[in-house]
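# Working through the structure, step by step
The chain contents come next:
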Amino acid sequence: MTEPLVLNGKNLAKEIESTLQARVLAYRNTHGGRVPLLATILVGEDPASAMYVKMKGNACARVGIDSRRIALPASTTTEELLATINNLNGDPEVYGILLQHPVPDQIDERSAFDAIDLEKDVDGVTCLGFGRMAMGERAYGSATPAGIMKLLDHYDIELAGKRAVVVGRSPILGKPMAFMLLNRHATVTICHSRTKDLPSIIAEADIVVGAVGKPKFIQGAWIKEGAVVVDAGYHPGGVGDIDLETAIPRCSAYTPVPGGVGPMTIATLIMQTMESAELRG
Ligand code: NAP
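Residues numbered from 1 in each chain as written. Predicted model: local features only at pLDDT ≥ 70, side-chain atom pairs only at ≥ 80, totals over all residues. Heavy atoms only, no water.

## A closer look at the layout of surface pockets
Think of a ball as big as a water molecule: rolled over the atoms, this probe shows where empty space is left. Cut-off, in case you're wondering: We place a 1 Å grid over just the protein atoms. Points where a 1.4 Å probe fits but has no way out form a cavity, open points with protein on both sides within 12 Å along at least 5 of 7 lines form a pocket, and any residue with an atom within 4 Å of a point lines it. Grid points are joined across faces, edges and corners, and a volume is the space filled by probe spheres set on the points. A run of H or I in DSSP counts as a helix once it spans at least four residues, and a run of E counts as a strand once it spans at least two, with each numbered from the N terminus. Gly counts as polar in this scheme, as do all residues outside two lists: the nonpolar Ala, Val, Leu, Ile, Met, Phe, Trp, Tyr, Cys and Pro, and the charged Asp, Glu, Lys and Arg.
Space inside the second largest pocket adds up to approximately 330 Å³. When residues of the lining of the second largest pocket are traced back to their parent elements, those giving at least two are helix H6 (143–154), helix H7 (174–183) and helix H10 (261–280). Considering every element that reaches the lining of the second largest pocket, the biggest residue donor is H6, with four residues. The residue makeup of the lining of the second largest pocket, split by class, is six nonpolar, four polar and six charged.

The structure is reproduced here in structure tokens:
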């Protein structure tokens, strides 16, 4: 079999960043020196979450977008977080709001996500945005699945008529991923922790998306020869949700870990912040 195609998210994210640099410059020139601003909210001190927020701030800096980092203590209540989000909703300097998932257990994360104004929901986390996206209406897609779609499109991966299996049904990843693929005419199956005989379902897939949150959970032997493999997982040690070592010899294309889905998530968030600024005018 020929070598599988590497769906290189790191390279595509770099390309996206350079087009964004030009867009930020053009925006600045026509808006009296003003640049878009992304507000990031981190609640608590989870080191992985802190690192993700830092990476998103760094990506903003690389393209010339401002970021305002709001760090709230782990003891923050839902009401306090809602008040912070409402302030950002009303702040004309803010074009996008990112609330880093997950928040501490005492917080009602769904209420907090849904408090974000639709036009500032550049990470695509609100129910309203999800519903609009699912119905094919204009909305910012959840950043990770939207980034995966950009990556699949960049490499001309055919979706229409294909069997796609999404393993995971989380609100920010599995569910929106499934609707994005469905909207592009794939025939989609969503699997989850109560799915019976997962290997036999995966065996039918032309496109497999791993969004399980368990390192190397999906085995290469379950994957159909020639399938496209998308690994959304990321775990310490640089492994994903798919056992890529055994999957690569069977697949036609795959996202590496690291350097596949992760950089595309960040590039999509920044791109959607830019779009929010351009839409507001
Ligand atoms: P999550 O909220 O924990 O959801 C995991 C999903 O996997 C759930 O729907 C769960 O089913 C399902 N699942 C668990 N065990 C299963 C099993 N044995 N068989 C089939 N399905 C099973 O995780 P998430 O936030 O969607 O994240 C998933 C992965 O993506 C993680 O590795 C995370 O690190 C990664 N991620 C990466 C990025 C990025 O930018 N690269 C962004 C977000 C997440 P139930 O619903 O039945 O519990």
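## Let's talk about the site of the ligand
Quick note on the threshold: Residues are classed as near a molecule or strand on a simple rule: at least one heavy atom within 4 Å of it. Two N or O atoms form a polar contact when they lie within 3.5 Å of each other; inside protein one atom must be a possible hydrogen donor and the other a possible acceptor, and for residues adjacent in sequence the pair counts only when both atoms belong to side chains. Accessible surface is estimated by sampling points in the Shrake-Rupley manner with a 1.4 Å probe; for residues, cover comes only from the protein chains shown.
Surrounding the ligand, one finds 21 residues, the nearest of these being Arg169, Ser170, His192, Ser193 and Thr265. Interatomic distance of 3.1 Å between a side-chain N/O atom of Lys214 and a nitrogen atom of the ligand. Note that an oxygen atom of the ligand is positioned 3.5 Å from one of the side-chain N or O atoms of His235. Burial of the ligand by the surrounding chains reaches 72%, relative to a free accessible area of 920 Å². Looking at which element gives the most residues to the shell around the ligand, the answer is H10, with three residues. Grouping the amino acids of the shell around the ligand by side-chain chemistry returns eight nonpolar, 10 polar and three charged.

## Thoughts on the packing of helix H2 (residues 47–63) against H10
As a reminder, the rule being used: Lines are fitted to the C-alpha atoms to define the axes, a helix being fitted only along its stretch in contact, and any angle between axes, read from their N-to-C directions, falls within 0 to 180 degrees. With respect to orientation, any angle under 35 degrees is reported as roughly parallel, any angle over 145 as roughly antiparallel, any angle of 65 to 115 as roughly perpendicular, and every other angle as oblique. Left-handed describes a crossing whose near helix is turned anticlockwise from the far helix by less than a right angle; the clockwise case is right-handed. The criterion used for residue contact is that any of the two residues' heavy atoms lie within 4.5 Å.
Put simply, H2 and H10 touch, their axes get as near as 10 Å, and they point 55° apart. Classified by the interaxial angle, the pair formed by H2 and H10 is oblique. Two packed elements cross with a definite hand, and for H2 against H10 that hand is right-handed. Contacts between H2 and H10 involve Met55, Lys56, Ala59, Cys60 and Val63 from the former and Ile266, Leu269 and Ile270 from the latter. A class-by-class count of the residues in the contact of H2 with H10 yields seven nonpolar, no polar and one charged.

## Brief notes about the domain arrangement of the protein
Just so we agree on the cut-off: Domain boundaries shown here were taken from an automatic or database domain assignment.
Each assigned domain of the protein is listed with its residue range as follows: domain 1 (30–117) and domain 2 (143–262). Averaged C-alpha coordinates put domain 1 and domain 2 at centres separated by 28 Å.

## Re the sheet that holds strand S2 (residues 37–43)
Spelled out, the test is: Any two strands with at least two DSSP-identified bridges between them are counted as paired.
Here we have three strands laid out as an open sheet, ordered S3-S2-S4, and parallel in their pairing. With partners counted over all chains shown, the strands left at the sheet margins are strand S3 (66–72) and strand S4 (96–99), one partner each. The average undirected angle you get between the axes of adjacent strands in this sheet is 20°. Across four bridges, the pairing between S2 and S4 is parallel. Paired with Ile41 across the two strands is Leu99, which belongs to S4. Sheet contacts for H2: S2, S3 and S4; angle to S2, the most-contacted strand, approximately 170°.

## Considering the nonpolar core
Selection rule: Here the nonpolar core consists of buried residues drawn from Ala, Val, Leu, Ile, Met, Phe, Trp, Tyr and Cys, with membership extended through side-chain atoms lying within 4.5 Å. Only protein chains enter the area calculation, which uses a 1.4 Å probe; residues under 20% of their type maximum are buried, those over 50% are exposed, and those in between are partly exposed.
Counting 50 residues, the largest nonpolar core has Leu152, Leu181, Val228 and Ile270 as its most contacted members. Of all elements in the fold, only helix H1 (9–30), H2, H6, strand S5 (163–167), H7, strand S7 (207–210), strand S8 (228–231) and H10 reach the threshold of two or more residues within this core. For this core, the element with the highest residue contribution is H10, accounting for nine residues. Split by domain, this core shows at least three residues from each of two domains, domain 1 (30–117) and domain 2 (143–262).

## Looking at the pattern of salt bridges
Threshold: Salt bridge criterion: a side-chain nitrogen from Lys or Arg within 4 Å of a carboxyl oxygen from Asp or Glu.
The full count for this structure, using the stated rule, is nine salt bridges. When the shortest N-O distance is used, the salt bridge between Arg68 and Glu93 registers 3.4 Å. In this pair, Arg68 sits in strand S3 while Glu93 sits in the loop between helix H3 (78–89) and S4, placing the two residues 25 residues apart along the sequence. A residue is classified by how much of its surface remains accessible, and Arg68, at 26% relative accessible area, is partly exposed. Between Asp206 and Lys224 there is a salt bridge; the shortest N-O distance is 2.7 Å. Of this pair, Asp206 sits in the loop between helix H8 (198–202) and S7 while Lys224 sits in the loop between S7 and S8, placing them 18 residues apart in sequence.

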